[in-house]
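Residue-level structural notes
One letter stands for each residue in the lines below.
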Amino acid sequence: MKRKGERIVAVTAYDFTFARLADNAGLHILLVGDSLGMVVQGHETTLPVTLDEMIYHACMVVRGSSSAMVVADMPFMSYQVSVEDALRNAGRVMKEALVNAVKLEGGAEIAPTVRRLVQIGIPVVGHIGLTPQAIHQLGGYKVQGRNLEAARRLIADAESLSEAGAFAIVLETMPAELAQLITERTPAATIGIGAGVGCDGEIQVIHDLLGMVEDIHPRHTKNYADLGQTITNALSDYRHEVIERRFPGPDQSFSLKPEVIQVLREEFGLTEPASSGQR
Ligand code: KIV
């Protein structure tokens with residue numbers, strides 16, 4: 001798609017239902033992001049997410065996707081300790097969840113790991129710029145690569161990852177001009193998030209796009225729907241109708257034949273109810 005100049009559209013997905021909806025919408029890549037630690041599990045960072053949890057969610061997303069490529073994040077500490085660890089753990093994700101590729105955060109320092117993964121047949125997506133697994137080192141969710149030295153480092157990181165065989169690289173929260181430059185220089189497809197419109201594609205967290213997160217509103221995202229409010233309104237209507245006995249109604253209920261219920265009521269000495277509201 002990069003070579004043809006076609007834009008790549010990606011979104012995160014964490015379960016079967018949302019994967020199917022995103023797949024139906026024609027998205028090209030579904031990322032089982034470790035952002036699930038924040039938007040699904042309610043943690044403050046992505047750090048607590050385990051490999052078993054990633055595999056659990058990735059299995060659901062794979063079942064919901066019929067044409068999109070499914071990529072799973074390797075969670076914190078599942079690939080940093082040693083190349084052997086990374087191979088074993090990425091192998092588990094590929095084998096147990098049947099995803100198409102894995103994503104690793106980091107630049108030149110993880111290139112040897114990326115190379116080995118690619119050598120044994122595991123497609124790899126890189127992720128540089130704001131890497132949430134390093135949030136404590138970065139000191140918060142800040143724009144990366146803003147000065148010459150930092151920008152040069154990110155360009156070198158993208159080149160190392162691409163050379164090592166990563167077929168795509170997520171560029172997160174960096175100046176648009178820098179992301180564009182990396183995109184022009186790198187054979188790997190660049191997928192931006194908070195990196196401007198010059199990347200080969202875009203990825204966003206599905207909860208952000210659909211307006212399902214109350215307290216965090218990153219500048220790089222846009223609400224294409226207000227599902228959070230829609231869901232709260234719907235559940236509030238449901239609560240009222242149940243309390244006021246307006247739900248379930250005749251259409252949602254099942255009936256006994258009148259002669260059967262009459263026999264039962266007589267048998268148990270019960271008088272006719274005022275109105276059962278049922279057919
Ligand atoms: O975990 C995630 O959702 C991600 C995307 C934001 C790129 O890594």
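These notes cover the structure that comes with them.

Time to look at the pairing of strand β2 (residues 29-32). Going residue by residue along β2, you find I29 and L31 tucked away on one face and L30 and V32 tucked away on the opposite face as well. As a crossover connection, the stretch from strand β1 (residues 8-12) through helix α1 (residues 16-24) into β2 is right-handed. Direction of pairing for β2 relative to strand β3 (residues 69-73): parallel, over a ladder of four bridges. Bridge pairing in β3 places L31 opposite V71.

Another aspect to go through is unusual backbone geometry. A cis amide bond, omega -5°, links F247 with the succeeding residue P248. You can see P248 is positioned in the loop between α10 (227-243) and α11 (258-267). For M77, which is not glycine, the phi dihedral falls at a positive 75°. Here M77 lies in the loop between β3 and α4 (83-97).

Our next topic: the site of the ligand. Neighbouring residues of the ligand: T12, L31, G33, D34, S35, D73, K103, H127, V170, I193, I203 and V205. For the ligand, an oxygen atom lies 3.1 Å from a polar atom in the side chain of D34. Between an oxygen atom of the ligand and a side-chain N or O atom of D73, the distance comes to 3.0 Å. Contact with the protein chains covers 96% of the free accessible surface of the ligand, which is 260 Å². Of the residues assigned to the shell around the ligand, the class counts are five nonpolar, four polar and three charged.

Looking now at the pattern of salt bridges. Tallying each qualifying case throughout the model produces ten salt bridges. Across the pair E6 and K4 runs a salt bridge whose closest N-O atoms are separated by 4.0 Å. Looking at E6, the relative accessible area reads 36%, which means it is partly exposed. Put simply, D85 and R88 hold a salt bridge, and the shortest N to O gap is 3.6 Å. Here D85 pairs with R88, and both are found in helix α4, just three residues apart, close to one helical turn. Look at D85 and you get partly exposed, because its relative accessible area is 22%. A relative accessible area of 54% means that R88 is categorised as exposed. It is possible to trace a salt-bridge network through shared partners that takes in D52, R92 and E96.

About the thresholds
- Residues numbered from 1 in each chain as written.
- Predicted model: local features only at pLDDT ≥ 70, side-chain atom pairs only at ≥ 80, totals over all residues.
- Heavy atoms only, no water.
- Buried < 20%, exposed > 50% of the residue type's maximum accessible area, 1.4 Å probe, protein only.
- Helix = DSSP H or I, 4+ residues; strand = E, 2+ residues; numbered from the N terminus.
- Right-handed = clockwise from strand over helix to strand, strands pointing away.
- Pairing = 2+ DSSP bridges.
- Near = heavy atom within 4 Å.
- Polar contact = N/O pair within 3.5 Å; in protein donor to acceptor, adjacent residues only side chain to side chain.
- Areas by Shrake-Rupley, 256 points an atom, 1.4 Å probe, with all protein chains shown as cover.
- Nonpolar A, V, L, I, M, F, W, Y, C, P; charged D, E, K, R; others polar.
- Salt bridge = Lys/Arg side-chain N within 4 Å of Asp/Glu carboxyl O.

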